[in-house]
Amino acid sequence: MTHILAIETATDACSVALYRDGEVLERFEPGARRQTERVLPLIDDLLAEAGIGLGALDALAFGQGPGAFTGVRVATSVVQGLAFSRDLPVAGVSTLAACALAAFDVHPTRSRVLAAFDARMGELYLGAYQCGADGMETLLADGLFDPDNVPALDGEDWLLAGSGAIYQERIAARVTLAAVDQAIMPRASAVARLAAPLVAQGLTVPAEQAQPVYLRDRVV
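Here the structure is a predicted model, which is why all the values come from computation and not from measurement.

Draft legend 1. Structural context of the overall build of the protein chain. Scanning the protein chain from N- to C-terminus turns up five helices and ten strands. Computed over C-alpha atoms, the radius of gyration of the protein chain comes to 17 Å, within 12% of the 17 Å expected from 2.2 N^0.38 for 220 residues, which places it in the range of a compact globule. Its C-alpha atoms put the protein chain at 50 × 35 × 30 Å along the principal axes. Just so you have it, the protein chain exposes about 9,800 Å², and 48% of that area is on carbon and sulfur atoms. Here the protein chain carries 16 positive and 27 negative side-chain charges, and the mean point of each set is 5 Å from the other.

If you want it as structure tokens, here you go:
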């Protein structure tokens, strides 16, 4: 049985999840960026519920960004610490991909998802994905965009998900949107499910190589 512990703190929420051969347990707390104080207690609670310790884990996974600078750093630091202490491999997962999968979970009839986060400074982080029961395909690689210069995408069935939906009118001038859900956030359960095939294929890194992805040199 494969055990993967996943952490996602790139937005205002804090979540952790345990993947066990297709089944996922999760702790999710929305809130005002209390990740630093909440992530370790949530991990302890989750592992206690599962009846296992850190020694039973086979790998770790984390939302590597993009997202809020502090939140992405929290996940990276916690994963590095746990990986060093137990000599565990790490799988980094795009937070935009995790947002897209979380959106598909809520809207299963919307398989084409434009995941977007408000990046401040009048910009957004954005990626486009085709979601399905058999996995996910990246249709537009994660990037930092001006809302007026989002790449044009074919089709008329796009779901816009995430905090970047505050720019929905400007995005809609470039992409035909069928639905919008600004409340969707990336979740550790989605990170865990996306990490599972990476772990199975050995596409992991050691602790010191687990690094955040910011997509912006300037930090606000």
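Okay, back to it.
Draft legend 2. Region of interest: the pairing of strand E4 (residues 59–65). Counting buried positions along E4 yields six of seven residues, so the element is predominantly enclosed. As judged from the four bridges shared by strand E1 (residues 3–8) and E4, these two strands associate in the parallel manner. The residue of E4 that forms the bridge with Ile-4 is Ala-59. Crossover connection from E4 via helix H2 (residues 69–86) to parallel strand E5 (residues 90–94): handedness right-handed.

Draft legend 3. Up close: H2. With 18 residues, H2 extends 26 Å from end C-alpha to end C-alpha; this agrees with the ideal 26 Å at 1.5 Å per step. Along H2, the residues that are buried comprise Gly-71, Val-72, Val-74, Ala-75, Thr-76, Val-78, Val-79, Gln-80, Leu-82 and Ala-83. Considering only its buried residues, H2 is in contact with E1, helix H1 (35–50), E4 and E5. Looking at the residues trailing H2, positive phi occurs at Asp-87, about 50 degrees.

Draft legend 4. Just helix H5 (residues 188–200), in detail. Here H5 is 13 residues long and its end C-alpha atoms lie 18 Å apart, about the 18 Å a rise of 1.5 Å per residue gives. Residues of H5 that are buried: Ala-188, Ser-189, Ala-190, Val-191, Ala-192, Leu-194, Ala-195, Ala-196 and Val-199. Positive phi appears at Gly-202, one or two residues downstream of H5, with a value of about 75 degrees.

Draft legend 5. Highlighting the sheet that holds strand E3 (residues 23–29). Judged by pairing direction, the sheet is mixed, and its five strands sit side by side in the order E3-E2-E1-E4-E5 without closing on themselves. The open sheet is flanked by E3 and E5, the only strands paired with a single partner. Strand-to-strand twist in this sheet, taken as the mean axis angle between neighbours without regard to direction, amounts to 20 degrees. Note: E1 against strand E2 (residues 14–20), six bridges, orientation antiparallel.

Draft legend 6. Summary view of the environment of Thr-36. By the secondary structure assignment, Thr-36 is in helix H1. Spatially, the C-alpha atoms of Thr-36 and Gly-71 are 8.2 Å apart, while their sequence positions differ by 35 residues.

Draft legend 7. The packing of H1 against H2, seen in detail. For the pair H1 and H2, the least separation of the axes is 10 Å and the interaxial angle reads 40 degrees. Classified by the interaxial angle, the pair formed by H1 and H2 is oblique. Judged by the sense of rotation from one axis to the other, the crossing of H1 with H2 is right-handed. Here Gln-35, Thr-36, Val-39, Leu-40 and Ile-43 of H1 lie close against H2, whose contacting residues are Gly-71, Val-74, Val-78 and Leu-82. Here the contact of H1 with H2 is built from residues that sort into six nonpolar, three polar and no charged.

Draft legend 8. Layout of the environment of Arg-20. Relative to the elements of secondary structure, Arg-20 occurs in strand E2. Overall, the relative accessible area of 22% leaves Arg-20 in the partly exposed class. When the C-alpha atoms of Arg-20 and Ala-196 are compared, they prove to be 9.4 Å apart, with 176 residues separating the residues in sequence. In this structure, Arg-20 is in contact with Met-1, Thr-2, His-3, Leu-25 and Ala-50, ignoring residues within four places of it in sequence.

Draft legend 9. Structural detail: unusual backbone geometry. In this model, Gly-65 is joined to Pro-66 through a cis peptide bond whose omega is 5 degrees. Even without glycine at this site, Asp-87 takes up a positive phi of about 50 degrees. Within the chain, Met-121 stands out as a residue other than glycine whose phi angle is a positive 55 degrees. Judged by its relative accessible area of 43%, Met-121 is partly exposed.

How each quantity is defined
- Residues numbered from 1 in each chain as written.
- Predicted model: local features only at pLDDT ≥ 70, side-chain atom pairs only at ≥ 80, totals over all residues.
- Heavy atoms only, no water.
- Helix = DSSP H or I, 4+ residues; strand = E, 2+ residues; numbered from the N terminus.
- Rg over C-alpha atoms; globule rule 2.2 N^0.38 Å.
- Areas by Shrake-Rupley, 256 points an atom, 1.4 Å probe, with all protein chains shown as cover.
- Lys, Arg positive; Asp, Glu negative; His and termini not counted.
- Charge placed at Lys NZ, Arg CZ, Asp CG, Glu CD.
- Buried < 20%, exposed > 50% of the residue type's maximum accessible area, 1.4 Å probe, protein only.
- Pairing = 2+ DSSP bridges.
- Right-handed = clockwise from strand over helix to strand, strands pointing away.
- Expected span 1.5 Å × (residues − 1).
- Contact = heavy atoms within 4.5 Å.
- Axes fitted to C-alpha atoms, helices over the stretch in contact; angles between N-to-C directions.
- Parallel < 35°, antiparallel > 145°, perpendicular 65-115°, else oblique.
- Left-handed = near helix turned anticlockwise from the far one by under 90°.
- Nonpolar A, V, L, I, M, F, W, Y, C, P; charged D, E, K, R; others polar.

Don't take any of this as a statement about function, it's just geometry.
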